[in-house]
Amino acid sequence: MRVFEARRYRGRMTFVRLADTAWERVRDLDRAATVAILPTGATEAHGPHLPMDTDVTIAEAMAESGGRRLVERGLSVLLLPALAYTPAEFAAEFPGTVSIRRETASALVRDIAASLDADGFRTLAIANAHFDPGHLAALYSAIDGIRESGGPAVAFPDVTRRPWGSRLTEEFRSGACHAGRYEGSIVLARTPEKVDEDIMKTLPPHPVSLSRAIADGKAGFREAGGDRAYFGAPAEATSAEGAATIDVLGRILEEAVLEIPGLNEVSDESRG
């Protein structure tokens, strides 16, 4: 279910979903006033009730919500296809999880940025919803490489860090939020047909903090006590909470993008 489709602003397309768009529409985008957004997720186990693409779903929801806000500010948005394969080391022992090397993921993000840069795009935003330590390390390595090479300006609001994460739900802040109430609510709001609610409503709370487990040196979900690959309280998930959380994630992405020097001025010019 797509929450936000392409829109027109003063007669021109300003929200462009790259995968669905012919190349001439991309050609005609004003590069200086366009933000390319890369959703980053994973393909990994999310309990017995949520789909493998849960993180991709959440990242795309964040990207579209933030993109809508940027369009309202007079900027154009180029929504890139989501990154669905990345390190998923914590879930690697669960069937269906696809985990790749950190170096591979980092190189892929750097190459995407280099291709955008060659096409004249100056700004890249990363909407991330996967928090495996290997994945985050790959993203930070890629961003360092992009900046060192003089590529596009990068906005990356890492919600595992302050100030961004403090604005999300209590369960998220607790660290017990893999396939729990936080993620389950967003998937219910976004793609309810992918949720097995009959199973979800029977799952007991599992309030084990993954962030604490990582700090304690645990290397996987099972070692952290998550034999069914979920942490938190999935039975408490609601679509209403998910919709509210998507809105907060969109605001976070918008604010991170507008922190890039010069973009506020560009958006003011576009609206003028």
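Nothing here was measured: the structure is a model prediction, and the numbers come from that model.

Draft legend 1. Spotlight on the pattern of salt bridges. One pass over the structure, following the stated rule, counts 19 salt bridges. Linking Arg17 and Asp20 is a salt bridge whose minimum nitrogen-to-oxygen distance equals 3.6 Å. For Arg17, a relative accessible area of 11% corresponds to the buried category. In this structure, the salt-bridge partner of Arg181 is Glu241, at a minimum N-O distance of 2.7 Å. In this pair, Arg181 is assigned in helix H6 (residues 181-190) and Glu241 in helix H9 (residues 239-258), connecting sequence segments 60 residues apart. Judged by relative accessible area, Arg181 falls into the partly exposed class, the value being 29%. Looking at Glu241, the relative accessible area reads 16%, which means it is buried. In the salt-bridge network here, residues are joined through shared partners; they are Arg68, Arg69, Glu72, Asp247 and Arg251.

Draft legend 2. Looking closely at the pairing of strand S6 (residues 123-128). The buried fraction of S6 is high, at six of six residues. Going residue by residue along S6, you find Thr123, Ala125 and Ala127 tucked away on one face and Leu124, Ile126 and Asn128 tucked away on the opposite face as well. Note that S6 and strand S7 (residues 153-155) share three bridges and pair parallel. Directly across from Ala125, in S7, lies its bridge partner Ala155. The β-α-β motif built from S6, the intervening helix H4 (residues 133-148) and the parallel element S7 has right-handed crossover chirality.

Draft legend 3. Local environment of H9. In a regular helix each residue adds 1.5 Å, so 20 residues correspond to 28 Å; H9 covers 29 Å between its end C-alpha atoms and thus fits that length. Restricting attention to buried positions, one finds in H9 the residues Glu241, Gly242, Thr245, Ile246, Leu249, Gly250, Ile252, Leu253, Glu254, Ala256, Val257 and Leu258.

Draft legend 4. Looking closely at the environment of Asn128. Within the secondary structure, Asn128 sits in strand S6. With 69 residues separating them in the primary sequence, Asn128 and Glu197 have C-alpha atoms 25 Å apart. If we ignore the near neighbours within four places in the chain, the residues touching Asn128 are Thr40, Met62, His135, Leu136, Leu139 and Phe156. Separated by 2.9 Å, the side chain of Asn128 and the backbone oxygen of His130 make a polar contact. In terms of polar contacts, Asn128 uses its side chain to reach the side chain of His135, at 2.7 Å.

Draft legend 5. Main features of the side chain of Thr21. Along the chain, Thr21 falls in the loop between strand S3 (15-17) and helix H1 (23-27). A polar contact is formed between the side chain of Thr21 and the backbone oxygen of Arg17, at a distance of 2.6 Å. Every residue in contact with Thr21, bar those within four places of it in the chain, is listed here: Val16 and Val26.

Draft legend 6. Summary view of the sheet that holds S7. Across the sheet, five strands lie side by side as S3-S5-S4-S6-S7; this open sheet has parallel pairing. The open sheet has two edge strands with one neighbour each: S3 and S7. Across the sheet, the mean angle from the axis of one strand to that of its neighbour is 25°, orientation sign disregarded. Sheet topology note: the strand S4 (residues 34-40)/strand S5 (residues 76-79) ladder contains four bridges and is parallel. Residue pairing in the sheet places Thr34 in a bridge with Ser76 of S5. Packing against the sheet, helix H2 (residues 54-72) makes contact with S3, S4, S5 and S6, and its axis sits at approximately 165° to S4. Sheet strands touched by H4: S4, S6 and S7. Its angle to S6, the strand with the most contacts, is close to 175°.

Draft legend 7. The pairing of S4, seen in detail. A large share of S4 lies buried, amounting to seven of its seven residues. Where burial is concerned, the two faces of S4 agree: the one with Thr34, Ala36, Leu38 and Thr40 and the one with Val35, Ile37 and Pro39 are both buried. In terms of handedness, the path from S4 via H2 over to S5 forms a crossover that is right-handed. Pairing geometry for S4 and S6, over six bridges, is parallel. By the bridge assignment for S6, Ala36 is matched with Leu124.

So, how was this worked out
Residues numbered from 1 in each chain as written. Predicted model: local features only at pLDDT ≥ 70, side-chain atom pairs only at ≥ 80, totals over all residues. Heavy atoms only, no water. Salt bridge = Lys/Arg side-chain N within 4 Å of Asp/Glu carboxyl O. Buried < 20%, exposed > 50% of the residue type's maximum accessible area, 1.4 Å probe, protein only. Helix = DSSP H or I, 4+ residues; strand = E, 2+ residues; numbered from the N terminus. Pairing = 2+ DSSP bridges. Right-handed = clockwise from strand over helix to strand, strands pointing away. Expected span 1.5 Å × (residues − 1). Contact = heavy atoms within 4.5 Å. Polar contact = N/O pair within 3.5 Å; in protein donor to acceptor, adjacent residues only side chain to side chain. Axes fitted to C-alpha atoms, helices over the stretch in contact; angles between N-to-C directions.

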